[in-house]
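This is what each chain is made of:
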Amino acid sequence: MDVINPATAEVVGTVPGTDPAGVDVAIGRAAAAFGPWRAVSPGDRARLLRRFAAAVDAHVEELAALEVRNSGHTVGNARWEAGNVRDVLDYYAGAPERLSGRQIPVPGGLDVTFHEPLGVVGVIVPWNFPMPIAGWGFAPALAAGNTVVLKPAEVTPLTALRLAELALEAGLPEGVFTVIPGKGGVVGQRFVTHPAVRKVCFTGSTEVGKRIMAGCADQVKRVTLELGGKSANIVFADADLERAAAGAPGAVFDNAGQDCCARSRILVQAGVYDRFLELLEPAVRAFRCEDPTLDSAQMGPLISAAQRDSVTSYVDGARVAFRGTAPDGAGWWYPPTVLLAESGQEAHWHEEIFGPVVSVLPFTDEADAIARANDTPYGLSGSLWTRDLGRAVRVARAVETGTLSVNSNSSVRYWTPFGGAKQSGLGRELGPDALAAFTDVKNVFFATDS
Ligand code: NAD
């Protein structure tokens, strides 16, 4: 599989795709490593994860440079992404020693519960955030005592492969964390069908997620799904409009809009609609889409020519309000673009574009804002802007989404739960309860009758 730099369209490497026999060998090794790994004492498992985190920390610059070259991410973002893997490993390194069960007195005895690791966990990662999404799966899975096989996306395998090397260097035993590059229909599909893989942790499109969920039903396999989004950014007339408008470009154009949490629909209350657009325009025009190796870059290219074609198809024929700029020449560049929706029936308003395109639509009142925000099969993220605390609480409760920000566009903190409602996903990652998703509760009854 050729690895291509999206900023230059140059081939920067080649990674062999794993064939079906190779996948089974890797899963077999992970299954063999499970017994010894779950037997490592919680304190020692924690120490190994902290050493893994330290190895990542020592290689943040190298990992970031690799991601810039492979994914076209801005170097600032890529540093954050490598740092996020370190932080998530550190956070879950605290978990093995806290994974205790409960004692429940019952008539005639005592029930004791244990959180048992599942076995081999298959983590399937999309191309848009290769490092963090890998870490959100493998760190809690390993902390809970599982072994992990991980499939990076076809086009962005490099950082995951490097993370697996760092895990070995940090002392994780062979077979505990294995990265298997290859095609979704070969490697990912085998995670679904191989009986030794006891859980699939999938992040990607809703379309593929539905197939994974159906496939997992056959073995009643545990599954976590983190899927697509079409999140709303709701701006009420009483909001701090300057702050809302200044933050809106970053909330959708970050990572060139290839972000499941992108606030790609902006709903603005009718009375301040014109003023909001006036404030938004200079912020969009100032958004720096440029060579991602520059510290000043806020946005790089799209991941591929196909992705750019797909993004273009939504903009062709739509009402463009204004746009920013993007470099010419080699690479898959696309400028930040603001579209005006009218009926709310437009494809660009309804479908996940996964590019630097945002649609704006006015609304009348609170009920209208909620109805329009919820008029989507997705429910991943979103923002709302208001100075009215009561309204903030009411609207936050009414918007059908897994993660919401009030007077902010920040979605992800590794110490709070993350995941989608409706067709944006199933289950939650991150936060203090993530280990529950990588264990089964076993209840053992001890009879006390003599
Ligand atoms: P995708 O569904 O095409 O691919 C995701 C992964 O699944 C890749 O590794 C791919 O190789 C693999 N895959 C493909 N077909 C498979 C199959 N039949 N069986 C098993 N695995 C298979 O998604 P993508 O285009 O890589 O990523 C973009 C999508 O991911 C967007 O919809 C985005 O919203 C979503 N996403 C969601 C989150 C979240 O946390 N909710 C985060 C990032 C991305």
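Above this text you will find the structure in question.
Residues numbered from 1 in each chain as written. Predicted model: local features only at pLDDT ≥ 70, side-chain atom pairs only at ≥ 80, totals over all residues. Heavy atoms only, no water.

(A) Structural detail: unusual backbone geometry. In the Ramachandran plot, phenylalanine 354 falls in the positive-phi region, its phi being about 60° despite a non-glycine side chain. Positionally, phenylalanine 354 belongs in the loop between helix H12 (347-350) and strand E14 (357-363). Phi at lysine 422 takes a positive value of approximately 45°, unusual for a residue other than glycine. Its location among the elements puts lysine 422 in the loop between strand E16 (405-406) and strand E17 (425-426). Classification of lysine 422 as partly exposed rests on a relative accessible area of 35%. (Helix = DSSP H or I, 4+ residues; strand = E, 2+ residues; numbered from the N terminus. Buried < 20%, exposed > 50% of the residue type's maximum accessible area, 1.4 Å probe, protein only.)

(B) Expanded view of the sheet that holds strand E7 (residues 177-179). Pairing in this open sheet of six strands is mixed, and the strands run E7-E6-E5-E8-E9-E17 from one edge to the other. Edge positions in the sheet fall to E7 and E17, since each has one partner strand and no second. As defined by bridge partners, strand E9 (residues 222-226) adjoins E17 across two bridges and the pair is classed as antiparallel. In the strand pairing of E17, glutamate 226 is matched with glycine 425. In the packing of helix H6 (residues 158-169) onto the sheet, contacts are made with strand E6 (147-151) and E7, and the angle to E7 comes to roughly 155°. (Pairing = 2+ DSSP bridges. Contact = heavy atoms within 4.5 Å. Axes fitted to C-alpha atoms, helices over the stretch in contact; angles between N-to-C directions.)

(C) Representation of the site of the ligand within the structure. With respect to spatial proximity, 29 residues lie near the ligand, and among them Val125, Glu154, Ser205, Leu227 and Glu352 are the closest. Take valine 125: an N or O atom from its main chain is 2.7 Å from an oxygen atom of the ligand. A distance of 2.6 Å separates an oxygen atom of the ligand from a polar side-chain atom of serine 205. When the free accessible area of the ligand is taken as 850 Å², the share hidden by the protein chains comes to 89%. Elements that contribute at least two residues to the shell around the ligand include exactly helix H7 (184-193), strand E8 (197-203) and helix H8 (206-217). Considering only residue class, the shell around the ligand consists of 15 nonpolar, nine polar and five charged. (Near = heavy atom within 4 Å. Polar contact = N/O pair within 3.5 Å; in protein donor to acceptor, adjacent residues only side chain to side chain. Areas by Shrake-Rupley, 256 points an atom, 1.4 Å probe, with all protein chains shown as cover. Nonpolar A, V, L, I, M, F, W, Y, C, P; charged D, E, K, R; others polar.)

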